[in-house]
Amino acid sequence: MGALPALLAAALLWAGAGALVNLKYSVEEEQRAGTVIANVAKDARDAGFVLDPRQPAAFRVVSNSAPHLVDISPGSGLLVTKQKIDRDLLCRQSPKCVISLEVMSSSMEICVIKLEIKDLNDNAPSFPTDQIELEISETASPGTRVPLESAYDPDSGSFGVQSYEITPNDLFGLETKTRGDGSRFAELVVEKSLDRETQSHYSYVITALDGGDPPNFGTVELSIRVIDSNDNNPLFEEPAYTVSVPENAPPGTPVIRLNASDPDEGTNGQVLYSFHSYVSERARELFQIDPQSGLITVSGAIDYEEGHVYELDVQAKDLGPNSIPAHCKVTISVQDANDNPPLINLLSVNSELVEVSENAPPGYVIALVRVSDRDSGANGRVQCKLLGNVPFRLQEYESFSTILVDGRLDREQRDQYNLTIQARDNGIPSLQATKSFTVKITDENDNHPHFSKPYYQVIVQENNTPGAYLLSVSARDPDLGLNGSVSYQIVPSQVRDMPVFTYVSINPNSGDIYALRSFNHEQTKAFEFKVLAKDGGNPSLQSNATVRVIVLDVNDNTPVITAPPLVNGTAEVYIPRNAGVGYLVTVVKADDYDEGENGRLSYEMVEGDRGFFEIDQVNGEIRTTRAFGENAKTAYELIVVAHDHGKTSLSASALILIYLSPALDAQESIGSVNLSLIFIIALGSIAAILFVTMIFVAVKCKRDNKEIRTYNCR
C-alpha cells in the first residue's frame, strides 16, 4: 500500500500558547476505504504537539478540504480514507493534488496537515472520435503542417499524453507540440510530394502514448484524401497570436481581428473564418469569430478565477474548389480584475458563537480564521485585523489566522464580547469584508464566597425555646452554577467544654441559624462560633464569618433569704427587754442569681407588729422604733419580704418571731455586725504582735552570731 508518511514538522511556539505543527503525508490514489494513512497523534506528539492523555478526543478537525474522502479518528488520531480516492476526478490534471486539514487539540494547539494524493497511471489516452478525416491538396509542399485533434488522458503530469506516433511513416510524419496549458497535440507534417493521379487516398493509424512504464496508449484512424488544388490558398500573417482581455469584459468586446490573404479573385479569393472542430465547448461559449471579417469578440461572461488562458485554433478557408484551409493559434490571456471581495471563514464549532474560559491565559487560541480572495496578485493579497479595543488579538499565518486571548478575562465583569474581523485586499480600489461573531466567557470557580459582613451578632433572651430562630448569615458568590452555589456549615469548636453543635445548628442552604437548647444567662452570658461558606466548585472555595450570641438575663430566679437562718420559713430572734429605740434586732439577707434590676433586692415588712419595728429597704436591718415597757408583751411577729426589681417582680418572705428576754442586757446584746468588727480588730492585733516578736528575735540572733562566729539560732 502506498501510505508514505513524509513527516516534515517543526514546532513554532507562539506568544505563550502552545505550538503550531505542520505535518505532510502522501498516499496513492485508488486506496480502499478505511486505509490508514498515518498516525497523526503520534507524529504530532513527536513534533512537540501537547496532547492531554485524559481527554478521550485528542483532536477536533476544524477544517477539511475533502471531508468526504479522508478524516481523522478523534479517539485514535489516525488519518484514514473514507472512500476510494480518484485523483483524476478530485484534481483533474493539476500537477499537484493536496488535501488540507487543520485539527485542534483540547489545549487549543493547532496542527496543519497536508496530504498529497499521488497519481497512478490508471488511464489510457483516448481520442474523441474513431476516425479523423483530412483533405490535402496535391500541391501541398513538403513541410506543410496540419493540426490534428488531440487525445485526452485524465492522468496528470508524466502519466498524461506525452507523444504521438503515425503508422506507417512514409509520406507523412507527426510532430508533437505543447499548448499553453501543458497539454500536447500532434501536427501532421507532409514529408514528400503528393500526386493525386498516383494515389488519392491514404489510411494511417495515429497512436497517443502517455509517460507510464510501460506506457498506456490510444489509437485513432486517420483518413487522408488528396484533392486537386486551386491556384492559391489562404495564408495567415502569423502562425500564432497572443492577446489579452480583461475579465468581466462585456459581450461584443473585440479581442483580435485575424487576416488571412488569398490573392485569387472571386469565390476562390473569398475567405471564411471558423474555429477548428476541437476548440473546446467552453471556449466557444466565451468567444465567437465573424466568418467574414475574422474578428474574434467576447460572447460570454469571462471570469479569471474560472480560466486564465484560452487557446483558439482558427482556420481560414476560401470558397474555391479543393480549398486547403490555413491554420493559426490564438492564445487569449485573461487579465484579473479586483472583482471579488475577501471571504472570511471562521473555523469554529459555531460560526456565530465562540466560548472561552475566563481562566484562559494570554496567547490561548479561541478560534481559527481562514480568509480567501479569488482574485490573484495584489488583488488577492489580503490583510486582516481585529477591530475594537478588546482583550483579543489576531495572528496571521500562511494559510490561516488565529484569534488569541490578549488580556485578562473576567466573566463577572464582562461575560461576552462582540468581535469583528476586517479583511481588505490590496487591489485598486481595494475591496473589504467584515465578519462579526460573539465570544462568550464561560465561568470558572475563581471567586470565594463573600459574607455580607465578617462579624454577626445576635441578642437572645435566656430560657428561649429549643429550635428557635436566631439569625441568618448570607454569603454571595458571583460565579455561575455549582461554582456560585453556596452552602453553610458551622466550624467545630467548644462552648463551656461542650461542642458548639449542641448549642446551635445552621441550615446549609439558607444560612438560617437555630438554637438547639434553652440558654441560661447565669451559666453562659455569651459565646462565639465560626460559620463556613463553601461553594460547589471543584475544587471548592470557602470563607468564614464570626457569629456572637449574647444571652440576655431574664428575671427567672426568685430571691432566697439566707439570714437570719430560717426553719420552715421562720426565724426566732431574742432581744433584751430594756432595748431602746434604734436597737438592731437582726439583719435580713437574701440572694438573687439574676443580674441588674432583676437581681437588685429591696426589703419591707408587710404584716405583723410593724408599729414597734422598722426595716431598711436596702440593707435589710430591722431596728426598734420604741422602747418596751414593763407591761409589753414578750413576743412579736413580723413578715418580711425580699423582692427584686424585674419587670415581673419575684419575692421571698419570712416570718420573724422576736422575743423579749429579761436575762439579756442591752449593752451585751449588740448586732452581729459589731461582733464581727471586734473579732477582726482582735485578729489584726494578734498578727501585729507576732510580726514584731519575729523581727526582734531575728535581730537578736544576728548579733549573737557576730560575737561567737557561729550560728546556732533557729
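Because the structure is a prediction, the values reported are computed rather than measured.

### Considering the overall build of the protein chain
No. 1: A count of helices and strands for the protein chain gives four helices and 53 strands.
No. 2: For 714 residues, the compact-globule estimate of 2.2 N^0.38 gives 27 Å, and the C-alpha radius of gyration of the protein chain, at 59 Å, exceeds that figure by more than 25%.
No. 3: On the principal axes, the C-alpha backbone points of the protein chain span a range of 200 × 75 × 45 Å.
No. 4: Evaluated residue by residue, the protein chain yields a buried proportion of 42% over its 714 residues.
No. 5: Pairs at least 24 residues apart make up 67% of the contacts formed inside the protein chain by residues separated by at least 6 positions.
No. 6: Of the roughly 37,500 Å² of accessible surface on the protein chain, a fraction of 51% belongs to carbon and sulfur atoms.
No. 7: Between the centroid of the 58 positive side chains of the protein chain and the centroid of its 95 negative side chains there is a distance of 14 Å.

### Section: the pairing of strand β52 (residues 635-644)
No. 1: Taken across its ten residues, β52 has seven buried, putting it largely inside the fold.
No. 2: Pairing geometry for strand β49 (residues 601-608) and β52, over seven bridges, is antiparallel. Along β52, the bridge assignment pairs Tyr-603 with Ala-642.
No. 3: One ladder, built from nine bridges, connects β52 with strand β53 (residues 651-661); its direction is antiparallel. For His-643, the partnering residue across the bridge sits in β53 and is Ser-651.
No. 4: With antiparallel pairing between neighbouring strands as the criterion, β52 and β53 make up a hairpin whose turn holds six residues.

### Details of the state of the cysteines
When the sulfur atoms of two cysteines share a covalent bond, that bond is a disulfide.
No. 1: With the rule as written, the count across this model stands at one disulfide.
No. 2: Across a sulfur-sulfur distance of 1.9 Å, Cys-91 and Cys-97 are joined as a disulfide pair. On the sign convention where negative is left-handed, the bridge of Cys-91 and Cys-97, at about 65° about the S-S bond, is right-handed.

### Observations concerning the layout of surface pockets
No. 1: Looking at the largest pocket, its volume works out to about 1,400 Å³.
No. 2: Gln-93, Tyr-152, Arg-179, Asp-181 and Ser-183 are, among the 39 residues lining the largest pocket, the residues nearest its centre.
No. 3: Those elements that provide at least two residues to the lining of the largest pocket are β12 (161-167), α3 (281-286) and β24 (309-318).
No. 4: Residue composition of the lining of the largest pocket, by class: eleven nonpolar, 15 polar and 13 charged.
No. 5: Counted as a void, the second largest pocket has a volume near 580 Å³.
No. 6: Forming the boundary of the second largest pocket are 24 residues, of which Arg-145, Pro-325, Ala-326, His-327 and Cys-328 lie nearest the centre.

### Overview of the nonpolar core
No. 1: The biggest cluster of nonpolar side chains holds 30 residues, and the ones touching the most others in it are Phe-236, Leu-258, Phe-287, Ile-296, Leu-312, Val-314 and Val-330.
No. 2: Looking at this core, the elements that each hand over two or more residues are β18 (240-246), β19 (254-257), β21 (271-275), α3, β22 (287-289), β23 (295-298), β24 and β25 (326-335).
No. 3: Top contributing element to this core by residue count: β25, with five residues.
No. 4: Residues contacting Leu-312, with those up to four places away along its chain left out, are Phe-275, Val-279, Ala-283, Phe-287, Ile-296, Cys-328, Lys-329, Val-330 and Ile-332.
No. 5: With 27 residues, the next largest nonpolar core counts Leu-471, Ile-490, Val-495 and Ala-533 among its residues.

### Brief notes about the UniProt feature "domain: Cadherin" (unreviewed entry) in the protein chain
No. 1: Taken from the UniProt record, the annotation "domain: Cadherin" (unreviewed entry) applies to residues 26-127, 128-236, 237-344, 348-451, 452-561 and 567-670.
No. 2: With 0% helix and 47% strand, residues 452-561 has end C-alpha atoms that lie 50 Å from one another.

### Description of the sheet that holds strand β29 (residues 382-387)
No. 1: Taking strand neighbours across the sheet as the criterion, the four strands line up as β27-β33-β32-β29 in an open arrangement whose pairing is mixed. For this open sheet the edge positions go to β27 (353-357) and β29, each flanked by a neighbour on one side alone. The mean inter-strand angle of the sheet, taken between neighbouring strand axes irrespective of direction, is 30°.
No. 2: Judged from the six bridges that link them, β29 and strand β32 (residues 416-425) form a sheet pairing that is antiparallel. The partner of Leu-387 across the bridge, within β32, is Thr-420.

### Regarding unusual backbone geometry
No. 1: Here the residue pair Thr-167 and Pro-168 is connected by a cis peptide bond, since its omega of -10° sits within 30 degrees of zero.
No. 2: Here Pro-168 lies in the loop between β12 and β13 (172-178).
No. 3: Residue Ala-563 is joined to Pro-564 through a cis peptide bond whose omega torsion reads -5°.
No. 4: Secondary-structure assignment places Pro-564 in the loop between β45 (560-563) and β46 (570-576).
No. 5: A positive phi is found at Asn-463, a non-glycine position, where the angle reads about 65°.
No. 6: Its place among the elements puts Asn-463 in the loop between β35 (455-461) and β36 (469-472).
No. 7: According to the relative accessible area criterion, Asn-463 is partly exposed, its value standing at 41%.
No. 8: Unusually for a residue other than glycine, Asn-568 sits at a positive phi of about 55°.

### Re the packing of aromatic side chains
No. 1: Across all of its chains, the model carries 21 aromatic pairs by this definition.
No. 2: Consider the rings of Phe-519 and Phe-527, whose centres lie 5.5 Å apart with planes at 70°: the pair is edge-to-face.
No. 3: Given the relative accessible area of 3%, Phe-519 is considered buried.
No. 4: Judged by its relative accessible area of 5%, Phe-527 falls in the buried class.
No. 5: Their ring planes at 25° and their centres at 5.2 Å tell us that Tyr-574 and Tyr-659 sit as a pair that is stacked. Here Tyr-659 lies in strand β53 and Tyr-574 lies in strand β46, a separation of 85 residues in the sequence.
No. 6: One aromatic cluster in this structure is built from Tyr-503, Phe-519, Phe-527 and Phe-529.
No. 7: Here the basic side chain of Arg-626 rests over the ring of Phe-612, its NZ or CZ set 4.6 Å away from the ring centre.

### Concerning the environment of Ile-332
No. 1: With respect to the element layout, Ile-332 can be found in strand β25.
No. 2: C-alpha separation for the pair Ile-332 and Val-245, spaced 87 residues apart in sequence, amounts to 7.0 Å.
No. 3: When near neighbours in sequence (up to four residues on either side) are disregarded, Ile-332 contacts Val-243, Val-245, Val-255, Phe-287, His-308, Val-309, Tyr-310 and Leu-312.

Criteria and thresholds
- Residues numbered from 1 in each chain as written.
- Predicted model: local features only at pLDDT ≥ 70, side-chain atom pairs only at ≥ 80, totals over all residues.
- Heavy atoms only, no water.
- Helix = DSSP H or I, 4+ residues; strand = E, 2+ residues; numbered from the N terminus.
- Rg over C-alpha atoms; globule rule 2.2 N^0.38 Å.
- Buried < 20%, exposed > 50% of the residue type's maximum accessible area, 1.4 Å probe, protein only.
- Contact = heavy atoms within 4.5 Å.
- Areas by Shrake-Rupley, 256 points an atom, 1.4 Å probe, with all protein chains shown as cover.
- Lys, Arg positive; Asp, Glu negative; His and termini not counted.
- Charge placed at Lys NZ, Arg CZ, Asp CG, Glu CD.
- Pairing = 2+ DSSP bridges.
- Disulfide = S-S within 2.5 Å.
- 1 Å grid on protein atoms, 1.4 Å probe; cavity = no way out; pocket = protein on both sides within 12 Å on 5 of 7 lines; lining within 4 Å.
- Points joined across faces, edges and corners; volume = space filled by probe spheres on them.
- Nonpolar A, V, L, I, M, F, W, Y, C, P; charged D, E, K, R; others polar.
- Core = buried A, V, L, I, M, F, W, Y, C linked by side-chain atoms within 4.5 Å.
- UniProt positions renumbered as here; feature names shortened; annotations may be inferred.
- Axes fitted to C-alpha atoms, helices over the stretch in contact; angles between N-to-C directions.
- Phe/Tyr/Trp six-rings, centres within 6.5 Å; stacked < 30°, edge-to-face > 60°.
- Lys NZ or Arg CZ within 6 Å of the ring centre and 35° of its normal.

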